[in-house]
Amino acid sequence: MRLHSWSFAARRHEQGLGRGDRVAELRASRPRRRPGPARSSLDAHDGTAAGLLGDPAFVRGAGSLLSDYARLTAGQAAVLVYDPQVAAVCRALESIPVGAGITVRRVSAKLDWTTITTHLKTRCDAVLFLELGESHHTQALLRHLSTTQHAPRAYRLFGATAETIRYGFRRRQATLRRRNWDLIEHARRAGRLTVESDRGTRLAVGLDRAAPWANTYGEPADGYPGVLPPAEINIRSADVDGVLVADGAIGSNIGWPLDTRLEANPVTLRISGGRITDVDSRHRLVRDLVEEFLRVPDCNEVVEIGIGTNDGIPRFVPSDILLNERFASFHLGVGSADAANPAQNLHLDFILGGCRILMGRHVALSNGRFARPTTAAIPIGRAYDVPVKLHDAL
């Protein structure tokens, strides 16, 4: 089965996996997602720009990304910094806002930062990094945003495939922002979560009411780029017990080497005291890979309690991209969590398909349908005791 060719222990020692110290302030740091093996599901890296421009779903998603999330309007200018692997998506995005009076320039992420900076300093209201897997120019962008007066709004779109554009932006940002804050408030009041599913999940999670939640819905905050696609909330808890049957998808920050979808071959985890004690799956290779991950020192620890909140995403995709994690469901992250050395951390997400999430007696989510928000809306920019942080930015 050649498990040695995809070794978690070896990958831990790769350089350049980190996302920076900022994530450690929120929860266990998670290195940036890295692309897995090339898969045909990425539409051969999304065909041609002309073909994408003939796809109504892609055009609608791109319009929402540029106008609602990047907030571009007539007379403004944007720079698209793109991974060459998603060049066709970039060329299509470049064409869409032209009719709205928006100027768009594109520049390869493989170029040096000095060249890219020239574009950012020349009439640029927003910069959007189109990433397939890993971030480009991470620290250089942060320095630019923190030291430049009137710096542009900045965003990173991870897994910038046609699938992500089609499905990731079908809900307005204001809707997801309102939902996220409502869920956080209910969770803080309840102090606990219960997760159930028809496939056998029965999970009890205790929550520290004073612990910070990560809240990401694509908004730049605190000098950091907005993370796209939206949206999710997450927190860390060691008080986790029960059984989780992951029947949605699996994801890893170093790239899952198989089809990520789990509906036909769920993974069952038994959890006690915030640690994985047993794993099972009828798909032998999936089971062996997960077991190999859990054998790495400290990687059997639960480090993330997450809720994807984007109910506009209709299905899981086979590729290991961030879109799956945003699906309207529950996900559990396990892995190493050394805040002093975040670049060496490993992370594996187990995502449920249909499930029910209860916050105390409040049914927050039932099989993809969220309860209508009931808490007071949080005005944009207002100080609040849950910090607005974007957990996997950079």
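On a predicted model such as this, the values are computed, not experimentally measured, just so you know.

A. Structural detail: the nonpolar core. Judged by nonpolar contacts, the single largest core of 85 residues is most densely connected at Leu244, Phe330, Leu332 and Phe350. No other element matches the six residues that helix H9 (residues 173–190) contributes to this core. If sequence neighbours within four positions are ignored, leucine 332 has contacts with Leu203, Val240, Leu244, Leu269, Ile271, Ile276, Val302, Glu304, Ile305, Leu348, Asp349 and Phe350. Judged by nonpolar contacts, the second largest core, of 14 residues, contains Ile116, Leu120, Cys124 and Leu141.

B. Layout of the packing of helix H4 (residues 56–69) against helix H5 (residues 87–95). Look at H4 against H5: their axes get within 10 Å of each other, and the N-to-C directions meet at 70°. By the angle between their directions, the pair H4 and H5 is classed as roughly perpendicular. Between H4 and H5, the contacting residues are Phe58, Ala62, Leu65 and Leu66 on the first element and Val89, Ala92 and Leu93 on the second. Its residues assigned to classes, the contact of H4 with H5 shows seven nonpolar, no polar and no charged.

C. Representation of helix H10 (residues 284–295). With 12 residues, H10 extends 16 Å from end C-alpha to end C-alpha; this agrees with the ideal 16 Å at 1.5 Å per step. Taken as a whole, H10 has its buried residues at Val286, Asp288, Leu289, Val290, Glu292, Phe293 and Leu294.

D. Quick look at the side chain of glutamate 232. Tracing the backbone shows glutamate 232 in strand S9 (residues 232–235). The exposure class of glutamate 232 is buried, given its relative accessible area of 0%. Within the structure, the side chain of glutamate 232 is placed 2.6 Å from the side chain of arginine 326, a separation counted as a polar contact. Side chain to side chain, glutamate 232 and histidine 331 meet in a polar contact 3.2 Å long.

E. Main features of the packing of aromatic side chains. Within this structure, the stated rule accounts for two aromatic pairs. Seen in terms of ring centroids, tyrosine 69 and phenylalanine 169 are 5.3 Å apart; in terms of plane orientation they differ by 75°. Their pairing is edge-to-face. Of this pair, tyrosine 69 sits in helix H4 while phenylalanine 169 sits in the loop between helix H8 (162–167) and H9, and the two are 100 residues apart along the sequence. Both residues of the pair, tyrosine 69 and phenylalanine 169, belong to the buried class. Between phenylalanine 316 and phenylalanine 327, the aromatic rings sit 4.2 Å apart at their centres with planes inclined by 35°, giving tilted as the arrangement. Separated by 11 residues along the polypeptide, phenylalanine 316 in the loop between strand S14 (302–308) and helix H11 (323–326) and phenylalanine 327 in the loop between H11 and strand S15 (329–335) bring together distant segments of the chain. As far as the burial class goes, phenylalanine 316 and phenylalanine 327 line up, both buried. One cation-aromatic arrangement involves arginine 156 over phenylalanine 129; the distance from NZ or CZ to the ring centre is 4.3 Å.

F. Here's a closer look at the sheet that holds strand S5 (residues 192–196). Spatial strand order, S13-S12-S10-S6-S5-S17-S18-S19: eight strands in an open sheet with antiparallel pairing. Taken across any chain shown, the strands that pair with only one partner, and hence form the sheet edges, are strand S13 (275–280) and strand S19 (369–370). Bridge analysis of strand S6 (residues 202–206) against strand S10 (residues 240–246) gives four bridges, and the strand direction is antiparallel. Across the sheet, valine 205 pairs through a bridge with valine 240, a residue of S10. Across the sheet, H10 lies against strand S12 (267–272) and S13, angled at about 160° from S13, the strand it touches most.

G. Fine view of the environment of asparagine 300. Here asparagine 300 shows up in the loop between H10 and S14. Distance in space between the C-alpha atoms of asparagine 300 and isoleucine 276 is 5.2 Å, their sequence separation being 24 residues. Apart from residues lying up to four places away in sequence, asparagine 300 is in contact with Gly274, Arg275, Ile276 and Leu294.

H. Broad picture of the pairing of strand S11 (residues 249–252). The side-chain alternation of S11 yields two buried faces, one formed by Ala249 and Gly251 and the other by Ile250 and Ser252. Relative to strand S16 (residues 347–351), S11 runs antiparallel, the two sharing four bridges. Along S16, the bridge assignment pairs glycine 251 with aspartate 349.

I. Focus on the pattern of salt bridges. In the structure shown here, the tally under the stated rule is 17 salt bridges. Its salt-bridge partner being glutamate 219, residue arginine 71 comes within 3.5 Å of it at the nearest N-O pair. Separated by 148 residues along the polypeptide, arginine 71 in the loop between H4 and strand S1 (77–82) and glutamate 219 in the loop between strand S7 (214–216) and strand S8 (226–228) bring together distant segments of the chain. Close ionic contact of aspartate 288 with arginine 284 constitutes a salt bridge, the shortest N to O distance being 3.9 Å. With aspartate 288 and arginine 284 both in helix H10 and four residues apart, the pair spans about one turn of that helix. Residue aspartate 288 is classed as buried on the basis of its relative accessible area of 10%. Among the charged side chains, a network of salt bridges with common partners joins Arg171, Arg179 and Asp311.

J. Quick look at H9. Taking 1.5 Å of rise per residue, the 18 residues of H9 would be expected to cover 26 Å, and the 26 Å separating its terminal C-alpha atoms lies within 8% of that figure. Of all 18 residues that make up H9, 14 are buried, and the element is covered over most of its length. Phi turns positive one or two residues past the end of H9, at glycine 191, with a value near 75°.

The rules behind these values
- Residues numbered from 1 in each chain as written.
- Predicted model: local features only at pLDDT ≥ 70, side-chain atom pairs only at ≥ 80, totals over all residues.
- Heavy atoms only, no water.
- Core = buried A, V, L, I, M, F, W, Y, C linked by side-chain atoms within 4.5 Å.
- Buried < 20%, exposed > 50% of the residue type's maximum accessible area, 1.4 Å probe, protein only.
- Helix = DSSP H or I, 4+ residues; strand = E, 2+ residues; numbered from the N terminus.
- Contact = heavy atoms within 4.5 Å.
- Axes fitted to C-alpha atoms, helices over the stretch in contact; angles between N-to-C directions.
- Parallel < 35°, antiparallel > 145°, perpendicular 65-115°, else oblique.
- Nonpolar A, V, L, I, M, F, W, Y, C, P; charged D, E, K, R; others polar.
- Expected span 1.5 Å × (residues − 1).
- Polar contact = N/O pair within 3.5 Å; in protein donor to acceptor, adjacent residues only side chain to side chain.
- Phe/Tyr/Trp six-rings, centres within 6.5 Å; stacked < 30°, edge-to-face > 60°.
- Lys NZ or Arg CZ within 6 Å of the ring centre and 35° of its normal.
- Pairing = 2+ DSSP bridges.
- Salt bridge = Lys/Arg side-chain N within 4 Å of Asp/Glu carboxyl O.

Interpretation in functional terms is not warranted from these geometric data alone.
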